[in-house]
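# Understanding the architecture of this molecule
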Amino acid sequence: MPSEKTLFAMDINTLLAVEQLAKETGKNTEDVLLDFMESNTAKMAYDDATKLWWDGPASTAECYKEEVEK
């Protein structure tokens, strides 16, 4: 289980990625968050083994967009 600091970093990364996605798509932030949290990208963002959150919100957002495109 990740530490509290790591979980906080994962939360902030996810929040910033979702805000970026909402801005890019013009969708409501809450709707984007709900869709994001059901994705494989969200699972990876909260899996400390993948370290996706280390790459920052822009990388997380790109990963999600690639997943949605498939």
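Above this text is the structure in question.
Now for a description of the structure that goes with this document. The structure presented is a predicted model; accordingly, all values stated were derived computationally and were not measured.

### So, the packing of helix H1 (residues 4-25) against helix H2 (residues 29-37)
Relative orientation of the contacting elements H1 and H2 amounts to 120°, with a least axis distance of 9 Å. Looking at the two axes, H1 sits oblique to H2. The two elements H1 and H2 meet at a crossing, and its hand is right-handed. Along its contact with H1, which presents Thr14, Val18, Leu21, Ala22 and Thr25, the element H2 presents Thr29, Val32, Leu33, Phe36 and Met37. Grouping the amino acids of the contact of H1 with H2 by side-chain chemistry returns seven nonpolar, three polar and no charged.

### Here we look at the side chain of threonine 14
Along the chain, threonine 14 turns up in helix H1. Judged by its relative accessible area of 2%, threonine 14 is buried. Those residues in contact with threonine 14 that sit more than four places away from it in its chain are Phe36, Met37, Ala45 and Tyr46.

The rules we used
- Residues numbered from 1 in each chain as written.
- Predicted model: local features only at pLDDT ≥ 70, side-chain atom pairs only at ≥ 80, totals over all residues.
- Heavy atoms only, no water.
- Axes fitted to C-alpha atoms, helices over the stretch in contact; angles between N-to-C directions.
- Helix = DSSP H or I, 4+ residues; strand = E, 2+ residues; numbered from the N terminus.
- Parallel < 35°, antiparallel > 145°, perpendicular 65-115°, else oblique.
- Left-handed = near helix turned anticlockwise from the far one by under 90°.
- Contact = heavy atoms within 4.5 Å.
- Nonpolar A, V, L, I, M, F, W, Y, C, P; charged D, E, K, R; others polar.
- Buried < 20%, exposed > 50% of the residue type's maximum accessible area, 1.4 Å probe, protein only.

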